[in-house]
Amino acid sequence: MTSLLVIIVLVLLAVALWQLTKIFDLTQVGSSSDDSQVASDNDNNIQGYIMFGFLAFIYIFTIYGLLKWGHLALHTPASEHGILVDSLMNITWVLIFVVQVITQGLLYWFSFKNRGNKDKKALFFADSNKLEALWSIIPSVVLAVLILYGLYAWNNIMFIDKDEDVIEIELYAQQFKWTARYAGQDNVLGKANVRLIEGINTLGVDMSDPNAQDDIVVTELHIPKGKKIHFKMRSQDVLHSAYMPHFRAQMNCVPGMVTEFAFTPTYTTAEYRELPFMVEKVSNINKIRAVKSAELIASGGTALDPYTFDYLLLCNKICGASHYNMQMKVVVDSPADYKKWLSEKTTLAQDIKTAAAAEKPAEGTETAKDSSIAKDTVKAVVDTVKAAVAKVAAK
């Protein structure tokens, strides 16, 4: 609502300025003015200097943005391939910045240098093979190098050797939550189909598949440091995107198909929390939260909890009204802690058996209750018939 009001106010201000301009024009009626609609040398000079001013604005704002918001960008990657991704991104940013500085400078310099002047005559070029070759070949070569480097990075990231020792984990997306399924001791995920979703089997795992008997379903993702994790991703309803920014990992989750991504974590959650930049970042966030908490308490509200860093799995597609809430905590453990955590989890097969066993007594109780009601009904009918027979006999 506030944004709408701001837009309305800006529109009204624009209309007011336009009307003031018309009123000013009307007040100049009868005065001597140049209304030929042809730019004079003075007009061209003004436009040339304005262009230089706009060029200065672009450069100053770019530098200001880097100094002001540069620290908000993601810092140290928490996966092995993250270094390669950051390298590709940094090279791209440097190229963009250099090209922008050169091209914008040339554009506005030539606009100023060749501004209109009554004593100059425009020189027209029908074409220039040298210029055409220059601005075609250079961008083509630069883009080809970037694309080839990108393909090299992509192939290195996505390549998974069939004989490689990896941990198989499924990420299951649905509006608006994530669920993870571990392959268990056999390290093979059981088959699954959305048509098999029933009861606590919310992922539609095919329990007739032998590989599904040791699968483990959880709502908090734990992975070990230094071990390659092979994620297989499914979506139950709409297009989602599994995004783990600190691991430089993202892959779409498409209904009806399985997508995949793999990476090796390099920092445990505890280690990443202790990195100097993260300690400073958390401290700054908590200072802001402390100020906000003071305001909330003063207005009778509840104070905010202190912020603690955690890796997160987010959805990077706008998948519906509660998209903002679709996230799952990711914990990177040491290998020993990971094994301990996983050993404490029950398999999906065990959970289904436990749920079924819990339902049986309830079903038995209902059956006994129904039987008792039926017996009482039959007895009432028999008593009624006997009473009617006795009454007829008495007459």
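Our subject is the structure that appears above.
Note that this is a predicted model, so its numbers are computed, not measured. (Residues numbered from 1 in each chain as written. Predicted model: local features only at pLDDT ≥ 70, side-chain atom pairs only at ≥ 80, totals over all residues. Heavy atoms only, no water.)

Participant: How would you explain the side chain of R234 if you had to name every residue and give the values?
Facilitator: Tracing the sequence through the fold places R234 in strand β5 (residues 229-235). Accessibility expressed as a relative area gives 10% for R234, which makes it buried. For R234, the residues in contact, after removing those within four places along its chain, are E170, L171, Y172, A173, R181, A192, N193, L203, C253, M257 and V258. (Helix = DSSP H or I, 4+ residues; strand = E, 2+ residues; numbered from the N terminus. Buried < 20%, exposed > 50% of the residue type's maximum accessible area, 1.4 Å probe, protein only. Contact = heavy atoms within 4.5 Å.)

Participant: Describe the packing of helix α3 (residues 82-113) against helix α4 (residues 129-158), and please don't skip the residues or the numbers.
Facilitator: Look at α3 against α4: their axes get within 10 Å of each other, and the N-to-C directions meet at 165°. The angle between α3 and α4 falls in the class roughly antiparallel. Once α3 is placed against α4, the crossing between them reads as left-handed. On α4, the residues touching L84, V85, S87, L88, I91, T92 and L95 of α3 are V142, L146, Y149, G150, Y152, A153, N156 and I157. When its residues are assigned to classes, the contact of α3 with α4 shows 11 nonpolar, four polar and no charged. (Axes fitted to C-alpha atoms, helices over the stretch in contact; angles between N-to-C directions. Parallel < 35°, antiparallel > 145°, perpendicular 65-115°, else oblique. Left-handed = near helix turned anticlockwise from the far one by under 90°. Nonpolar A, V, L, I, M, F, W, Y, C, P; charged D, E, K, R; others polar.)

Participant: Describe the sheet that holds strand β3 (residues 216-218), listing the residues and the values that go with them.
Facilitator: As a general point, the strands of a sheet are linked pairwise by backbone hydrogen bonds and lie either parallel or antiparallel. Read from one edge to the other, the open sheet built from five strands follows the order β3-β2-β1-β5-β8, with strand pairing classed as mixed. Either end of the sheet is taken by a strand with one partner, and the two such strands are β3 and β8 (259-263). Sheet twist, expressed as the average angle between the axes of neighbouring strands with direction ignored, equals 25°. Where strand β1 (residues 167-174) and β5 come together, seven bridges link them in parallel fashion. Opposite L171, over in β5, you have M233 as the bridge partner. Contacting β1, β2 (177-182) and β3, helix α7 (residues 335-343) crosses the sheet at an angle of about 95° to β2. (Pairing = 2+ DSSP bridges.)

Participant: For the sheet that holds strand β9 (residues 311-315), give the residues involved together with the corresponding values.
Facilitator: Pairing is mixed in the open sheet, where five strands are placed in the order β4-β10-β9-β6-β7. This sheet does not close on itself; its edge strands, each paired only once, are β4 (221-224) and β7 (249-253). In this sheet, neighbouring strand axes are inclined to one another by 25° on average, regardless of whether the strands run parallel or antiparallel. Strand direction decides the pairing type here: β4 and strand β10 (residues 327-333), joined by four bridges, are parallel. Looking at the pairing, H222 lines up with V331 of β10. Most of the contacts of α7 go to β4, to which it runs at about 140°, and overall it touches β4 and β10.

Participant: Can you lay out the state of the cysteines for me, pointing to particular residues and giving the numbers?
Facilitator: Taken as a whole and judged by the stated rule, the model has zero disulfides. With no disulfide partner, C315 has as its closest neighbouring cysteine sulfur the one in C319, 3.8 Å distant. (Disulfide = S-S within 2.5 Å.)

Participant: Which residues make up unusual backbone geometry, and what values go with them?
Facilitator: At the junction of Q175 and F176, the peptide bond is cis and its omega measures out at 0° in the coordinates. Of note, F176 is situated in the loop between β1 and β2. Even without a glycine there, the phi angle at N187 is positive, about 55°. Along the chain, the position of N187 falls in the loop between β2 and β3. Given a relative accessible area of 29%, N187 falls into the partly exposed group.

Participant: Give me the environment of N201: which residues, what numbers.
Facilitator: With respect to the element layout, N201 can be found in the loop between β2 and β3. In this structure the C-alpha to C-alpha distance between N201 and D351, which are 150 residues apart in sequence, comes to 9.0 Å. Sequence-distant contacts of N201, defined by excluding residues within four places in its chain, comprise L196, M207, L348 and I352.

Participant: Tell me about the packing of helix α2 (residues 41-69) against α3, and name the residues and values.
Facilitator: Where α2 meets α3, the closest approach of the two axes is 8 Å, and the angle between their N-to-C directions is 165°. Classified by the angle between their axes, α2 and α3 sit roughly antiparallel to one another. In terms of crossing hand, the pair formed by α2 and α3 is left-handed. In this structure, α2 uses G48, Y49, M51, F52, F54, L55, I58, Y59, T62 and L66 to contact α3, whose residues at the interface are F97, Q100, V101, Q104, G105, Y108, W109, S111 and F112. Among the residues making up the contact of α2 with α3, the classes are represented as 13 nonpolar, six polar and no charged.

Participant: For the pattern of salt bridges, give the residues involved together with the corresponding values.
Facilitator: Here the structure, examined in full by the defined rule, presents nine salt bridges. Residue E271 is joined to K225 by a salt bridge in which the shortest nitrogen-to-oxygen separation is 3.1 Å. Remark: K225 occurs in the loop between β4 and β5 and E271 occurs in helix α5 (residues 269-273); sequence separation between them is 46 residues. The class of E271 is partly exposed, set by a relative accessible area of 33%. Close ionic contact of R273 with D310 constitutes a salt bridge, the shortest N to O distance being 2.6 Å. (Salt bridge = Lys/Arg side-chain N within 4 Å of Asp/Glu carboxyl O.)

Participant: Talk me through the packing of aromatic side chains; I want residue IDs and the actual numbers.
Facilitator: Applying the stated criterion across every chain yields a total of 21 aromatic pairs. For the pair Y49 and F112, a centre-to-centre distance of 5.1 Å together with 55° between the ring planes defines the contact as tilted. Taken together, the residues span a long stretch of sequence, with Y49 in helix α2 and F112 in helix α3 at a distance of 63 residues. A residue is classified by how much of its surface remains accessible, and Y49, at 52% relative accessible area, is exposed. In this structure F112 comes out as buried when scored by relative accessible area, which is 12%. Across the ring face of F112, the terminal group of R115 is positioned such that the distance to the ring centre comes to 4.2 Å. (Phe/Tyr/Trp six-rings, centres within 6.5 Å; stacked < 30°, edge-to-face > 60°. Lys NZ or Arg CZ within 6 Å of the ring centre and 35° of its normal.)

Such coordinate-based values are descriptive only and should not be taken to indicate function.
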